[in-house]
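Per-entry structural report
Chain by chain, the residues:
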Amino acid sequence: MRENWNYYKKRLSYIMFLVALALGVHGLYSYYSPIITQPWRLVSAMLYGTMKLFLFAPPIPAQAESTISYQIAMWLAPLLTSALVLTKITNLLLPLQKQDEE
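Just so it is clear, the model here is predicted, and its values are computed rather than measured.

1. Digging into the layout of surface pockets
- Put simply, the largest pocket is a space of about 730 Å³.
- Lining the largest pocket are 17 residues, and of these K10, S13, A83, L84 and T87 lie nearest its centre.
- For the lining of the largest pocket, the secondary-structure elements that each account for two or more residues are α1 (5-32) and α3 (68-101).
- Across the lining of the largest pocket, the residue classes tally to 8 nonpolar, 6 polar and 3 charged.

The following block contains the structure:
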């Protein structure tokens with residue numbers, strides 16, 4: 001398992017991304033479905049809200065009634081976004097550090 005750690009880490013991040021996406025869509029659907037009756041506006045609100053979750057801006061106010069699936073997605077999505085950003089920064093800066101050492 002040690003030799004394939006990058007593979008498993010990447011696979012785990014994909015699975016966590018899909019879980020956060022599914023929980024976010026489910027939570028936003030359960031919140032918006034009583035409010036919005038037109039199907040295309042409902043889909044648009046769900047997609048926009050899910051995108052906002054990953055950008056550190058929850059679309060539902062904190063005092064509003066929401067499901068546990070939305071609460072899990074609200075915490076999981078920004079963590080995945082920050083992990084992606086930190087990974088990209090690390091992958092960008094590590095080769096530069098190796099060049100300076102040589």
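We are not done yet, so read on.
2. Describing α1
- Here α1 contains 28 residues, and its C-alpha end-to-end distance of 40 Å stays within 8% of the 40 Å for a straight helix at 1.5 Å per residue.
- Within α1, burial applies to A20, G24, G27, L28 and Y32.

3. Side note on a nonpolar patch on the surface
- Taken together, the side chains of V85, L86, I89, L92, L93 and L96 make up a nonpolar region of the molecular surface, amounting to roughly 570 Å² of accessible area.
- Its place among the elements puts L96 in helix α3.
- Residue classification places L96 among the partly exposed residues on the basis of a relative accessible area of 43%.

4. A word on the environment of T90
- In this structure, T90 sits in helix α3.
- By relative accessible area, which is 40% here, T90 ends up partly exposed.
- Along the backbone, T90 and P34 are 56 residues apart, and their C-alpha atoms lie at a distance of 44 Å.
- Reaching out from T90, the side chain makes a polar contact with the backbone oxygen of L86 at a distance of 2.8 Å.

5. Here's the deal with the environment of W5
- Tracing the backbone shows W5 in helix α1.
- Along the sequence, W5 and I89 sit 84 residues apart, while their C-alpha atoms lie 19 Å from each other.

6. Focus: the nonpolar core
- Ranked by internal contacts, the top residues of the largest apolar core, which has 16 residues, are L28 and Y32.
- Those residues in contact with Y32 that sit more than four places away from it in its chain are L42, A45, M46 and P59.

Thresholds, definitions, all that
- Residues numbered from 1 in each chain as written.
- Predicted model: local features only at pLDDT ≥ 70, side-chain atom pairs only at ≥ 80, totals over all residues.
- Heavy atoms only, no water.
- 1 Å grid on protein atoms, 1.4 Å probe; cavity = no way out; pocket = protein on both sides within 12 Å on 5 of 7 lines; lining within 4 Å.
- Points joined across faces, edges and corners; volume = space filled by probe spheres on them.
- Helix = DSSP H or I, 4+ residues; strand = E, 2+ residues; numbered from the N terminus.
- Nonpolar A, V, L, I, M, F, W, Y, C, P; charged D, E, K, R; others polar.
- Expected span 1.5 Å × (residues − 1).
- Buried < 20%, exposed > 50% of the residue type's maximum accessible area, 1.4 Å probe, protein only.
- Patch = residues over 30% accessible without salt bridge, like charges linked within 9 Å, V, L, I, M, F, W, Y side chains within 5 Å.
- Areas by Shrake-Rupley, 256 points an atom, 1.4 Å probe, with all protein chains shown as cover.
- Salt bridge = Lys/Arg side-chain N within 4 Å of Asp/Glu carboxyl O.
- Polar contact = N/O pair within 3.5 Å; in protein donor to acceptor, adjacent residues only side chain to side chain.
- Core = buried A, V, L, I, M, F, W, Y, C linked by side-chain atoms within 4.5 Å.
- Contact = heavy atoms within 4.5 Å.

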